[in-house]
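Overview (structure and organization)
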Amino acid sequence: MKKISVSPVSAIIEFDTLSDENVVLERAALNLKNGSRIEAQAAAEEKASGDGVKYRVLWESIVNTEEIESVSLNDSVIFL
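Residues numbered from 1 in each chain as written. Predicted model: local features only at pLDDT ≥ 70, side-chain atom pairs only at ≥ 80, totals over all residues. Heavy atoms only, no water.

1. What to know about the pattern of salt bridges
A side chain of one charge can pair with a side chain of the opposite charge when the charged atoms of the two come close. Scanning the entire structure with this criterion turns up four salt bridges. Note that Arg27 is salt-bridged to Asp75, the shortest N-O span being 2.7 Å. With Arg27 in the loop between strand E2 (10-16) and strand E3 (28-32) and Asp75 in the loop between strand E6 (68-73) and strand E7 (76-79), the pair connects residues that are 48 residues apart, well separated along the chain. Take Arg27: its relative accessible area is 40%, and that puts it in the partly exposed class. Between Glu39 and Arg37 there is a salt bridge; the shortest N-O distance is 2.7 Å. Taking the relative accessible area as the measure of exposure, Glu39 reaches 31% and is therefore partly exposed. On the basis of relative accessible area, Arg37 is assigned to the partly exposed category, the value being 45%. (Salt bridge = Lys/Arg side-chain N within 4 Å of Asp/Glu carboxyl O. Helix = DSSP H or I, 4+ residues; strand = E, 2+ residues; numbered from the N terminus. Buried < 20%, exposed > 50% of the residue type's maximum accessible area, 1.4 Å probe, protein only.)

Here's what the structure looks like:
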């Protein structure tokens, strides 16, 4: 993973890749400090650069970014 930018309604997730690697975002969710979870409503691959893949993710509902504890992507959890 290269970069995550989270807003109240969406996120941009950038992955570094090797020439033979195919990154696919299957699941994304926000884990909140109160224990609840906001799942992705949709995710779409955006224009990929030469060394990576970029996804735009839309959340199920608007979220207060100060309440985010971590982001779940596929089977990984990234704490903020």
